[in-house]
Amino acid sequence: MAERLPPPQRSTAWYTASSPSSLLKKINDRAPNSAQLVGFLTLVISGGILLLLTGTTITAVVLGLIFFAPLIVVSSPIWFPIAVAIFVVVAGLLSFCGFSVTALASVSWLYRYFRGLHPPGSDRVDYARSRMLDTASHVKDYAREYRGYLHGKAKDAAPGA
């Protein structure tokens, strides 16, 4: 276990006369250890390498655009329709794949539901179905009562009917 040193005491005066050994001790107490130094050097070196690669990449892109801009401008009437066609094909393919995965997941869920395997969310479906059946039963009862009421009103309006 590491030995704990007492915290350094701070003086309230802005200037204190101290011996050179205490100054070296203060500097040594605040100096980074070897692991921190290696980490900092690794950070600086990898940051420099990434900065160099970024500059090289940006330079290559700008030079490529400068050299190939005339070719791009001249051949753009050919590339634009091709790009639109490729975009439409890729969008259609991705949509088809997405709808296929959704349909497959839905069919799988329905299969498990009807087999009684209780897939996630089946309790909410059962609750909604029971609520709909309950509401339909209430509406049917109300319609029967209201039909009798209307039937009685029709006899009052046309006594011979």
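From a predicted model like this one, the values you see are computed outputs, not experimental measurements. (Residues numbered from 1 in each chain as written. Predicted model: local features only at pLDDT ≥ 70, side-chain atom pairs only at ≥ 80, totals over all residues. Heavy atoms only, no water.)

Attention now moves to the overall build of the protein chain. Helices and strands together make up the secondary structure of the protein chain, namely three helices and zero strands. Secondary structure elements of the protein chain occur, N-terminal to C-terminal, as α-α-α. A total accessible area of about 15100 Å² is found for the protein chain, and carbon and sulfur atoms account for 72% of it. (Helix = DSSP H or I, 4+ residues; strand = E, 2+ residues; numbered from the N terminus. Areas by Shrake-Rupley, 256 points an atom, 1.4 Å probe, with all protein chains shown as cover.)

Moving on to the packing of aromatic side chains. Applying the stated criterion to the full structure yields two aromatic pairs. With centroids separated by 5.2 Å and ring planes inclined at 5°, the aromatic side chains of Trp109 and Tyr113 adopt a geometry described as stacked. In this pair, Trp109 and Tyr113 both sit in helix α2 (residues 34-114), four residues apart, roughly one turn of the helix. Taking the relative accessible area as the measure of exposure, Tyr113 reaches 16% and is therefore buried. With centroids separated by 5.4 Å and ring planes inclined at 70°, the aromatic side chains of Tyr113 and Phe114 adopt a geometry described as edge-to-face. One aromatic cluster is present, built from ring pairs that chain together Trp109, Tyr113 and Phe114. (Phe/Tyr/Trp six-rings, centres within 6.5 Å; stacked < 30°, edge-to-face > 60°. Buried < 20%, exposed > 50% of the residue type's maximum accessible area, 1.4 Å probe, protein only.)

The next point concerns unusual backbone geometry. Phi angles above zero are rare outside glycine, and His118 is one such case at about 55°. His118 gets classed as exposed once you look at its relative accessible area, which sits at 62%.

Looking now at the pattern of salt bridges. Think of it this way: side chains of opposite charge can pair up when their charged atoms draw near. Scanning the model with the defined rule gives one salt bridge in all. Two residues, Asp126 and Arg129, come together in a salt bridge whose shortest N-O distance is 3.8 Å. Of this pair, Asp126 and Arg129 both sit in helix α3 (residues 122-157), three residues apart, which is roughly one turn of that helix. The exposure class of Asp126 is partly exposed, given its relative accessible area of 29%. (Salt bridge = Lys/Arg side-chain N within 4 Å of Asp/Glu carboxyl O.)

This part covers the side chain of Ser122. The residue Ser122 is located in helix α3 in this model. Taking the relative accessible area as the measure of exposure, Ser122 reaches 7% and is therefore buried. For Ser122, the residues in contact, after removing those within four places along its chain, are Trp109 and Tyr113. (Contact = heavy atoms within 4.5 Å.)

Turning our eyes to something else, we now look at the confidence of the model for the protein chain. Scored by pLDDT, the protein chain has a mean of 85; 79% of the residues are at 70 or more. For the protein chain, per-element mean pLDDT is lowest for helix α1 (residues 20-30), which scores 78, and highest for α2, which scores 95. (pLDDT = per-residue confidence, 0-100.)

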